[in-house]
Amino acid sequence: MKPDMGQIFHIGYIVPDLLAAMQFWVAEMGVGPFHVQRHGDATGERITWHGEPMPADFLVGKSTGDVDIELIAMNGDFASPHRDYLRANPHGGAHHLGLLVDDFDAAIADPEIAARIITIGHHNGIRTAYLEGGMMGTTMLELIETVPMMREKLAAARAASQAWDGRDPIRYASAEVEALVMANARD
């Protein structure tokens, strides 16, 4: 029997222009506010891809309502599953479905799951793994370790989304992150 893979709670999109993608979701879909952070080597995140260390630098915009929407833009040109996806899909698109996994160790120890892991890493004490899409085509699964801090962050983000009045739709973690998003925006 497979370990409990948890519930799907978010959709991760790879986008060529994070600012344009967030603006689209706000204007066309009414989703917001977006909270923007930098992930990767610069923030202490460690990722392996096919077992080898992967340099990483991503800009991530997230909005959490009933579904967590994660928009990911590359900040640099390095080999990664994100870059591969964007090369095959230059306009971007749905890259992965995120699942909250209570027993991360049991999930990644399952032989069938372990055989599909292409990336594994951690950020702020939360472990994650991407699984090849398999029968889902190019859409991968992201296993995200459920720790109390994760549930608290999701609850706070969901409350912010529910209380959102349409003002301040894009919220940057720092001036540096805002500058990076603006520098990577396409004209």
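What you see is a predicted model, and the numbers here were worked out from it, not measured in a lab. (Residues numbered from 1 in each chain as written. Predicted model: local features only at pLDDT ≥ 70, side-chain atom pairs only at ≥ 80, totals over all residues. Heavy atoms only, no water.)

1. Looking at the overall build of the protein
A tally of regular secondary structure across the protein gives six helices and eleven strands. By the compact-globule yardstick of 16 Å for 187 residues, the protein fits well, its C-alpha radius of gyration being 16 Å. Projected onto the principal axes, the alpha-carbon positions of the protein cover approximately 45 × 35 × 30 Å. Across the 187 residues of the protein, 48% fall into the buried class. Expressed as a percentage of contacts within the protein between residues at least 6 apart in sequence, the contacts between residues at least 24 apart total 65%. Put simply, the protein shows about 9,400 Å² of open surface, and 56% of that area lies on carbon and sulfur atoms. Taken together, the 14 basic and 26 acidic charged side chains of the protein have centroids lying 1 Å from each other. (Helix = DSSP H or I, 4+ residues; strand = E, 2+ residues; numbered from the N terminus. Rg over C-alpha atoms; globule rule 2.2 N^0.38 Å. Buried < 20%, exposed > 50% of the residue type's maximum accessible area, 1.4 Å probe, protein only. Contact = heavy atoms within 4.5 Å. Areas by Shrake-Rupley, 256 points an atom, 1.4 Å probe, with all protein chains shown as cover. Lys, Arg positive; Asp, Glu negative; His and termini not counted. Charge placed at Lys NZ, Arg CZ, Asp CG, Glu CD.)

2. Topic: the pairing of strand β1 (residues 7-14)
When β1 meets strand β7 (residues 93-101), the two strands line up antiparallel, connected through seven bridges. Within the sheet, the bridge partner assigned to Ile-11 lies in β7 and is Leu-97. As defined by bridge partners, β1 adjoins strand β6 (residues 68-74) across five bridges and the pair is classed as parallel. Among the inter-strand pairings, Ile-14 is bridged to a residue of β6, identified as Ile-72. (Pairing = 2+ DSSP bridges.)

3. Considering the packing of aromatic side chains
By the definition in use, this model includes three aromatic pairs. With a centroid separation of 5.7 Å and 70 degrees between ring planes, the pair formed by Phe-58 and Phe-78 is classed as edge-to-face. Of this pair, Phe-58 sits in strand β5 (residues 57-64) while Phe-78 sits in the loop between β6 and α2 (81-88), placing them 20 residues apart in sequence. On the basis of relative accessible area, Phe-58 is assigned to the buried category, the value being 4%. A relative accessible area of 12% places Phe-78 in the buried class. Within the aromatic cluster, the residues linked to one another by ring pairs are Tyr-13, Phe-24 and Trp-25. (Phe/Tyr/Trp six-rings, centres within 6.5 Å; stacked < 30°, edge-to-face > 60°.)

4. Here's the deal with unusual backbone geometry
Here the residue pair Gly-32 and Pro-33 is connected by a cis peptide bond, since its omega of -10 degrees sits within 30 degrees of zero. Mapped onto the fold, Pro-33 is located in the loop between α1 (18-29) and β2 (34-40). Phi is positive for Asp-168, which is not a glycine, with a value near 50 degrees. Mapped onto the elements of the fold, Asp-168 is located in the loop between α5 (148-163) and β11 (170-172). The class for Asp-168 is partly exposed, based on a relative accessible area of 45%.

5. A word on the pairing of strand β9 (residues 126-131)
Across the six residues of β9, five count as buried, placing the element largely inside the fold. Bridge analysis of strand β8 (residues 117-123) against β9 gives six bridges, and the strand direction is antiparallel. Across the sheet, residue Gly-121 finds its bridge partner in β9, namely Thr-128. Turn length for the β8-β9 hairpin, with the two strands adjacent in sequence and antiparallel, is two residues, and the turn residue Asn-124 shows positive phi of about 50 degrees. Pairing geometry for β9 and strand β10 (residues 140-145), over four bridges, is antiparallel. The partner of Thr-128 across the bridge, within β10, is Ile-144.

6. Considering the side chain of Ser-80
Looking at where Ser-80 falls in the secondary structure, it is placed in the loop between β6 and α2. A polar atom in the side chain of Ser-80 sits 3.0 Å from the backbone nitrogen of Arg-83. Look past the residues within four positions of Ser-80 in its chain and what remains in contact with it is Trp-49, Met-54 and Met-74. (Polar contact = N/O pair within 3.5 Å; in protein donor to acceptor, adjacent residues only side chain to side chain.)

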